[in-house]
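# Residue-level structure breakdown
Below are the chains, spelled out letter by letter.
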Amino acid sequence: MESTQQTDQQGTAERRRRELLEAADRVVLRDGPKASMNAIAAEAGITKPILYRHFGDKAGLYQALAVRHTDALLDSLRAALDAPAERRRRVEATLDTYLAAIEARPQVYRFLMHPAEDSHAAERGFDVGLHSAPLLRRLGEELAKVIAERVELGPDGEELARVWGHGIVGMMHAAGDWWLGERPCGRAALVGGLTDLLWGRLATAGNRADGPGF
């Protein structure tokens, strides 16, 4: 009986946490980097102390939102990489998936990657850069695993896959951030240019004999 009650309580807590994250998402979509704990609590119909009870502080809420959005992005990137198409087309699709994600929800992207210059005084100690760096590192490591599983890179292949993984994520992030702010060209043009940049050694590297291919 006690175990069942604990399971029910955990399920209720998880549902409540998911509801609060959905409320936070709505505020972030509206306010971007300016989203405050006060606004999120009001959107959820609770007091700020209750929000703190679930997430600790803005850093805890940020981390939960980052995991939520990074998980969804990684699922989309893996689907693009595993789609039945020739290699260059899959590289293009992967780059386009990332850029489409930040284009579709620019306020979420800015909340995760850029601090608000006019944050409320109580929240000025929140360092977005401190928390966004692990998000980019996670994307780099996940992409490295995909590359290592699919491409034959020689005896130092695992190390090189990590170099490529983090390098590609850095390129996507920097180019996407610039593009989202200035819109100097269409998304397709940016995808094509970045794919051309990547299409050096990757185009000639063979697939691993024991891997799913790339």
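Residues numbered from 1 in each chain as written. Predicted model: local features only at pLDDT ≥ 70, side-chain atom pairs only at ≥ 80, totals over all residues. Heavy atoms only, no water.

## Quick look at helix H5 (residues 87-104)
Its 18 residues give H5 an end-to-end C-alpha distance of 25 Å, which sits within 8% of 26 Å, the value for a rise of 1.5 Å per residue. For H5, the set of buried residues is Arg 87, Arg 90, Val 91, Glu 92, Thr 94, Leu 95, Tyr 98, Leu 99 and Ile 102. (Helix = DSSP H or I, 4+ residues; strand = E, 2+ residues; numbered from the N terminus. Expected span 1.5 Å × (residues − 1). Buried < 20%, exposed > 50% of the residue type's maximum accessible area, 1.4 Å probe, protein only.)

## Brief notes about helix H4 (residues 58-82)
Counted at 1.5 Å a residue, the expected span for H4 with its 25 residues is 36 Å, and the 36 Å between its end C-alpha atoms agrees. Where H4 begins, one side-chain oxygen reaches toward the backbone nitrogen of Ala 59, 3.1 Å away; that side chain belongs to Asp 57. (Polar contact = N/O pair within 3.5 Å; in protein donor to acceptor, adjacent residues only side chain to side chain.)

## What to know about the nonpolar core
Formed by 58 residues in total, the largest nonpolar core has its most connected members in Leu 51, Leu 61, Leu 95, Tyr 98, Leu 112, Ile 147 and Leu 153. In terms of residues, this core owes the most to one element, helix H8 (residues 157-182), which gives 10 residues. Once residues within four sequence positions are removed from consideration, Ile 147 is found in contact with Leu 153, Ala 161, Trp 164, Gly 165 and Ile 168. (Core = buried A, V, L, I, M, F, W, Y, C linked by side-chain atoms within 4.5 Å. Contact = heavy atoms within 4.5 Å.)

## A few points about the pattern of salt bridges
Pairs can form between side chains of opposite charge whenever their charged atoms are close. Applying the stated criterion to the full structure yields 19 salt bridges. In this structure, the salt-bridge partner of Arg 26 is Glu 43, at a minimum N-O distance of 2.7 Å. One end of the pair, Arg 26, is in helix H1 (residues 2-31); the other, Glu 43, is in helix H2 (residues 37-44), with 17 residues separating them in the sequence. The class of Glu 43 is partly exposed, set by a relative accessible area of 31%. The partner of Asp 71 in a salt bridge is Arg 138, with the nearest N and O atoms 2.5 Å apart. Of this pair, Asp 71 sits in helix H4 while Arg 138 sits in helix H7 (residues 128-150), and the two are 67 residues apart along the sequence. Look at the salt bridges and you will find they share partners, linking Arg 26, Arg 30, Asp 31 and Glu 43 into a network. (Salt bridge = Lys/Arg side-chain N within 4 Å of Asp/Glu carboxyl O.)

## So, the packing of H5 against H8
Two elements in contact, H5 and H8, have axes separated by 10 Å at closest approach and are oriented at 40°. When the axis of H5 is compared with that of H8, the two are oblique. Considering only the axes of H5 and H8, their crossing is right-handed. In this structure, H5 uses Leu 95, Tyr 98, Leu 99, Ile 102 and Glu 103 to contact H8, whose residues at the interface are Met 171, Met 172, His 173, Gly 176, Trp 179 and Leu 180. Class assignment of the residues belonging to the contact of H5 with H8 gives a composition of eight nonpolar, two polar and one charged. (Axes fitted to C-alpha atoms, helices over the stretch in contact; angles between N-to-C directions. Parallel < 35°, antiparallel > 145°, perpendicular 65-115°, else oblique. Left-handed = near helix turned anticlockwise from the far one by under 90°. Nonpolar A, V, L, I, M, F, W, Y, C, P; charged D, E, K, R; others polar.)

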